[in-house]
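Residue-level structure breakdown
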Amino acid sequence: MANRIEHNTAQNRFEIYVDDALAGYADYVETGTVRDFGHTVTEPEFRGQGLAGQIVKAALDTTREQGFTVVPSCSYIAKYIETHPEYADLVA
């Protein structure tokens, strides 16, 4: 299975696809240069494969590259940043 991550700017979310099936996403609300990540969702049939971590890593890397900071309202993203201190500087 091939994973693909896309930044869907129209829906303010990062999406992960397994083959061509939407397997999960991390959504956000953008205000100025801050992205408030509210939810990370993995569809039930794709859970337990580490996909949420892949989405969050891509979302945080892209957010950094684009000059944004983050508010980790989503508990999964907050925990991810806590366990990956290289992203701590992104927190607004």
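Residues numbered from 1 in each chain as written. Predicted model: local features only at pLDDT ≥ 70, side-chain atom pairs only at ≥ 80, totals over all residues. Heavy atoms only, no water.

1. Comments concerning unusual backbone geometry
Stated formally: In this description a helix means any DSSP run of H or I spanning at least four residues, a strand means any run of E spanning at least two, and both kinds are numbered starting from the N terminus. Each residue is placed in one exposure class: buried if its accessible area under a 1.4 Å probe, protein chains only, is under 20% of its type's maximum, exposed if it is over 50%, and partly exposed if it falls in between.
Even without being a glycine, Asn 12 presents a positive backbone phi close to 50°. For Asn 12, the location among the structural elements is in the loop between strand S1 (3–8) and strand S2 (13–18). Look at Asn 12 and you get partly exposed, because its relative accessible area is 28%. Located in the positive-phi region is Asp 19, a residue other than glycine, with phi close to 55°. Checked against the element boundaries, Asp 19 lands in the loop between S2 and strand S3 (21–31).

2. Section: helix H2 (residues 75–83)
Inclusion rule: The directions considered for the arc run from the helix axis to the C-beta atoms. Only heavy atoms enter the contact rule, under which two residues are in contact if any of them lie within 4.5 Å.
Residues of H2 that are buried include every one of Ile 77, Tyr 80 and Ile 81, and no others. Across the axial projection of H2, the buried residues extend over an arc of 95°, all falling on one side. For H2, exposure combined with an orientation more than 90 degrees from the buried face picks out Ser 75 and Glu 82. Of the surrounding elements, those touching the buried residues of H2 are S3, strand S4 (34–42), helix H1 (51–65) and strand S5 (69–72).

3. Observations concerning the packing of aromatic side chains
This is how the line gets drawn: Pairing of aromatic rings covers Phe, Tyr and Trp, the last counted by its six-membered ring, and requires centre-to-centre distances within 6.5 Å; plane angles under 30 degrees mean stacked, over 60 mean edge-to-face, and any other angle means tilted. For a lysine, the NZ atom is tested; for an arginine, the CZ atom; a charge sits over a ring if that atom is within 6 Å of the ring centre and within 35 degrees of the ring normal.
What the rule picks out here adds up to four aromatic pairs. On the numbers, 5.9 Å between centres and 45° between planes, the contact of Phe 14 with Tyr 28 is tilted. Of this pair, Phe 14 sits in strand S2 while Tyr 28 is found in strand S3, placing the two residues 14 residues apart along the sequence. The same class applies to Phe 14 and to Tyr 28, which are both buried. Through successive ring pairs, a cluster of aromatic residues spans Phe 14, Tyr 28 and Phe 37. Note that Arg 13 overlies the ring of Tyr 25, its terminal NZ or CZ placed 4.3 Å from the centroid.

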